[in-house]
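Geometric and topological summary
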Amino acid sequence: MKHLLWHLGIASALMAIPAWSQSSPAPMSDRAAARLLDQATWGPTPASIQQLQSVGINAWLQAQFAAPVSDLPDQPSMNAAGKTNTALGPVQSAFFQNTLSGQDQLRQRVAFALSEIWVESAVTVHPAYAQPVYWRVLRDNAFGNYRDIMKAVTLSPAMGEFLNLANNNKANAKKGTAANENYAREFQQLFTIGLVQLNPDGTVMLDANGNPVPTYNQAEITDTARVLTGWTYPVAPGATQKNNNPAYFIGQMIPVEAEHDTTAKTVIGGVQIPAGQTTSQDLDSLLDALMQQSTMAPFVSAQLIQHLVTSNPSPQYIQRVSSVFTNDGTGASGNMQAVIIAILTDPEARAADDPNATPNANFGHMREPVLFMANVLRGLNGTLGASSAIQNQTNQMGQNLFSAPSVFSYFSPQYRTEKGLPGPEFQLYSTATAAARADIVNSILYGTLDKSTQFDLSPFTSVGASISALVDTISYTFFYHGMSNSLQQAVTSAAAAASSPQKAAQAALYVALTSGEYQIVH
Amino acid sequence: MFSRRGFVRLGAATVGSLALRPFGLLPALAQGSGPDYRALVCIFLYGGNDSNNTVLPMDDASFSAYTSIRGQLALTSADLTATLTTASGNPVAFHAKLAELASLFSSKELAVVANVGSLVQPLTRALYQAQQAPVPVNLFSHSDQQLQWQTSIAQGSSATGWAGRAADYIATQGYNSPAFPSFLSVAGNSLMGAGAQTQPVEMTPGQSLQLKGFNSSAQSQARWDALNNLLTLDSGIALAQAANDTVASTISDATALGGALSKAAALKTVFPKTSIGEQLQQVAQIIQVQATLGMRRQIFFCSLGGFDTHTNELNTHNSLYPQLSPAIAAFYDATEELGMAQNVTTFTESDFSRTLQPTSGDGSDHAWGSHHLVLGGAVQGGQVYGKFPTFALGGSDDADTRGRWIPTTSIDQYGATLCSWFGIPQSALATVFPNLANFSAGQLGFLG
């Protein structure tokens, strides 16, 4: 029976949950529930495992799509000294509070994944108030349609600032300037289709000579830059509209026809955009041309799979998801809910729910620092006080929230481990950050992170007198109730040498949380 | 009155033998007065430094064409150092915020290599536009061009970097202690240092790799043993093994480094308190303890980001160059303090240069060939190697119509010149730079 869920069509999964699925005679095991929750939330807890088990995967997904939405706090534009307020700490720590207490766990995870595809960064967008506004664009569209994400992000002033779509004026012969190519290039290279054409299963399309087929050429980038002229920042309260408004990050950017290049252009796929269109019409023509690109479905699907489930999906898995991206069963493409259901209910994602299934050694993905920190917080009953600086910990591990070093994010989807296996998050995992990761575990267990960040180890120390109970509690909390034998032995030997139940719990948790097995969501 | 730099140099010359004393006996192969030690130090300028505004040919024709095309981005004489004369007698000037580097050019420790970039083979505008010769894949893309600078493989992806392949060769020659990697990054993971047989070590400047929280008690030892034993066992999860491999490297590298660094005296050279300053300070501290570490050939990797100046370029350079220039100068001073100036060569890399034609918003877009800097006591400085492009949109050096220079020197030639000095023989260069044979001049002459 446990295989039944995999065979549900997407269309039926989108419908109201039929009564029979709620009375399914095979409840999810702890392992199956915890695995799904590690892929779809910030980490399983006893309460979330029980909730998922009680309603089943389909009802749980539908409930997540409808869950109340968490928010990040608005920030003042000026600080007490009258300067631009660039202090992101309150937004970053609120992000972690949401990972702990927000009911919209899946929405947060998908929005976070989107934020690492549609990267905008405080490294160059300095005012702190811009970041919650940008986050809401991704959050509010996470369960919508990919075309809507494309348009909403394109017109968001923070992205406009980051990749210079804001105040991208048409060529000016007197000044000798050309339209700015930045957004035209990265919008296509990173957010929508990539550099090379892909088959529906994500493999690279090759020409007759065995070479990859590019998605676009430089001439098309130059023309796309011209398509994307004529947008400026929203008018700040009290200000007067100009052709080039000063930076202001609330609301959507507005078109300025006087700065729009109205000549004809040739864009992606050789699509001709006729002369004489308005700024908005040109943008819609470009979005339509991109949506027609068959490469978009595998390009986006593979990255979402990598963020949620596994670094190394099979071509068949990518193809199953990208076919849903292309057509959700109603003829619509880019349906994010359908894509998310396809990713999380795919047989490849769910295979290891069965502990007796043949293991796939290459399955899973590394917990990037934000996932690691959130998972530890949830597993060790963390509480964040008003002055918590929890965000400093992910920064130590190479991931400063809302501050990716460039539009190429914190890590590349193409990054491989030393042995050549795809492992994007490993780009952030070095001898330096591996030490930082272990030292954070050490501080949590044996000291403090900061005085406003607290953990409750009592579920572990209270069973510390019984090593088998301790191992079982750790396995249930952090390892889908399926800790490997070798890890059990290591944890046991460390706990057995400890001088008290508390020290046994500390030693056991240290070995468990620093293990390679824990770093990988599998 | 001596300049500070002159004083340091004089001091190093007179107390050179004393300066070596903390390092114990010289390695067996040491020759002459200095140790047998060579280090390459890469400073990667992430984002694509617009080198059109780093160093300029100052002949009237070039400067006039530059001023006319660059528009809002044109540097004036007030934004430039005094005009310097190269060893060949040509006038050049640096961005005024690179005054320390211009000074090192004048004193012949620094050279410029003009219009270097990714190439499969020599290319002309006609060949490029007619698509009649192989060209690098995914030109003008940050990620691809960064990797091509780090791998030298312009045709596509590579699992190893050129410095990693150089480290592979070094590992076969008995120069270094096998207990420590030849390639050390203070700027995170980079493909540049990945070899087929050797792997890099990464440090955060100023931070130890030693795992915290262990002591000599029996229970601490049991926890340490449990952690270490796990690293040797197969969990059945390939990515978990990859994570374990990194932790195993952390532990072994920490042991080697901690022992060496704990014995070192503090450097007298004062480094700027910037990211690049702290990175270079850490590199200098490692070089200081090379003998204790048992290292005679090392490659280091540092970086400075923020060069993707699609807008607001002049202000951005005015913020970044004052970080870069004094940090590099301090690093050179530190190598003199250590008596190692002849043994250390520092060089720049960057994704690409940028369009000579400005873009909306007072910036420039992604281009191709770029000018680079090489610094060290062994460098034949005060000279420009290679050829500045002709400043003409749609001209003979332009890939299209915006001033994207087709490189006239390849990354392979640039890297091979560095690696030859470093100790990679001709026979091994073809492995480190597989495309090198496509270029007639395998050496550029800026070293030795």
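Residues numbered from 1 in each chain as written. Chains lettered and ligands numbered in written order. Predicted model: local features only at pLDDT ≥ 70, side-chain atom pairs only at ≥ 80, totals over all residues. Heavy atoms only, no water.

**Focus: the overall build of chain A**
Looking only at helices and strands, chain A features 25 helices and eight strands. Taking 24 Å as the expected radius of gyration for a compact globule of 522 residues, we find that chain A reaches 24 Å, a close match to that expectation. Taking all 522 residues of chain A together, the buried fraction comes to 60%. Put simply, of all contacts in chain A between residues at least 6 apart along the chain, 70% involve residues at least 24 apart. Mean positive and mean negative side-chain charge positions of chain A (26 and 35 charges, respectively) differ by 4 Å. (Helix = DSSP H or I, 4+ residues; strand = E, 2+ residues; numbered from the N terminus. Rg over C-alpha atoms; globule rule 2.2 N^0.38 Å. Buried < 20%, exposed > 50% of the residue type's maximum accessible area, 1.4 Å probe, protein only. Contact = heavy atoms within 4.5 Å. Lys, Arg positive; Asp, Glu negative; His and termini not counted. Charge placed at Lys NZ, Arg CZ, Asp CG, Glu CD.)

**Examining the pattern of salt bridges**
Residue and element names in this part refer to chain A. The full count for this structure, using the stated rule, is 27 salt bridges over all chains. Across the salt bridge formed by Asp-74 and Arg-136, the nearest N and O atoms sit 3.0 Å from each other. With Asp-74 in the loop between helix H5 (57-66) and helix H6 (89-101) and Arg-136 in helix H8 (residues 130-141), the pair connects residues that are 62 residues apart, well separated along the chain. A residue is classified by how much of its surface remains accessible, and Asp-74, at 54% relative accessible area, is exposed. (Salt bridge = Lys/Arg side-chain N within 4 Å of Asp/Glu carboxyl O.)

**Regarding the domain arrangement of chain A**
Parsing chain A into structural domains produces domain 1 (182-291), domain 2 (296-352) and domain 3 (365-521). The gap between the C-alpha centroids of domain 1 of chain A and domain 3 of chain A is 41 Å. (Domains from an automatic or database assignment.)

**Points about the nonpolar core**
What tends to happen in soluble globular proteins is that the nonpolar side chains get buried as a cluster. Ranked by internal contacts, the top residues of the largest apolar core, which has 178 residues, are Leu-114, Trp-118, Tyr-146, Tyr-183, Leu-380 and Ile-474 of chain A. Those residues in contact with Ile-474 of chain A that sit more than four places away from it in its chain are Phe-460, Phe-479, Met-483, Ala-508, Leu-509 and Ala-512 of chain A. One finds Leu-110, Phe-180, Met-295 and Phe-300 of chain B within the second-largest nonpolar core, a separate group that totals 60 residues. (Core = buried A, V, L, I, M, F, W, Y, C linked by side-chain atoms within 4.5 Å.)

**Let's talk about the interface of chain B and chain A**
At the junction of the two partners, chain B supplies 56 residues and chain A supplies 65 residues. Taken over both partners, the interface formed by chain B and chain A buries close to 4,500 Å², and the fraction arising from carbon and sulfur atoms is 57%. For the interface between chain B and chain A, the tally reads four salt bridges. When the shortest N-O distance is used, the salt bridge between Arg-402 of chain B and Glu-181 of chain A registers 2.9 Å. The interface formed by chain B and chain A includes 31 residue pairs in polar contact (both at pLDDT 80 or more). Put simply, the parts of the chain that give the side of chain B that touches chain A at least two residues each are helix H6 (142-151), strand E7 (201-202), helix H8 (218-231) and helix H9 (238-261) of chain B. Sort the elements by how many residues they give to the side of chain B that touches chain A and H9 of chain B lands first, with twelve residues. When grouped by side-chain class, the residues that make up the side of chain B that touches chain A number 20 nonpolar, 25 polar and eleven charged. (Buried area = accessible area lost by both parts, 1.4 Å probe. Polar contact = N/O pair within 3.5 Å; in protein donor to acceptor, adjacent residues only side chain to side chain. Nonpolar A, V, L, I, M, F, W, Y, C, P; charged D, E, K, R; others polar.)

**A closer look at the pairing of strand E1 (residues 38-45) of chain B**
Residue and element names in this part refer to chain B. The buried count for E1 comes to seven of eight residues, which makes it a mostly enclosed element. Note: E1 against strand E8 (residues 297-304), eight bridges, orientation parallel. Across the sheet, residue Arg-38 finds its bridge partner in E8, namely Arg-297. Strand direction decides the pairing type here: E1 and strand E9 (residues 344-350), joined by seven bridges, are parallel. By the bridge assignment, Leu-40 is partnered in E9 with Thr-345. (Pairing = 2+ DSSP bridges.)

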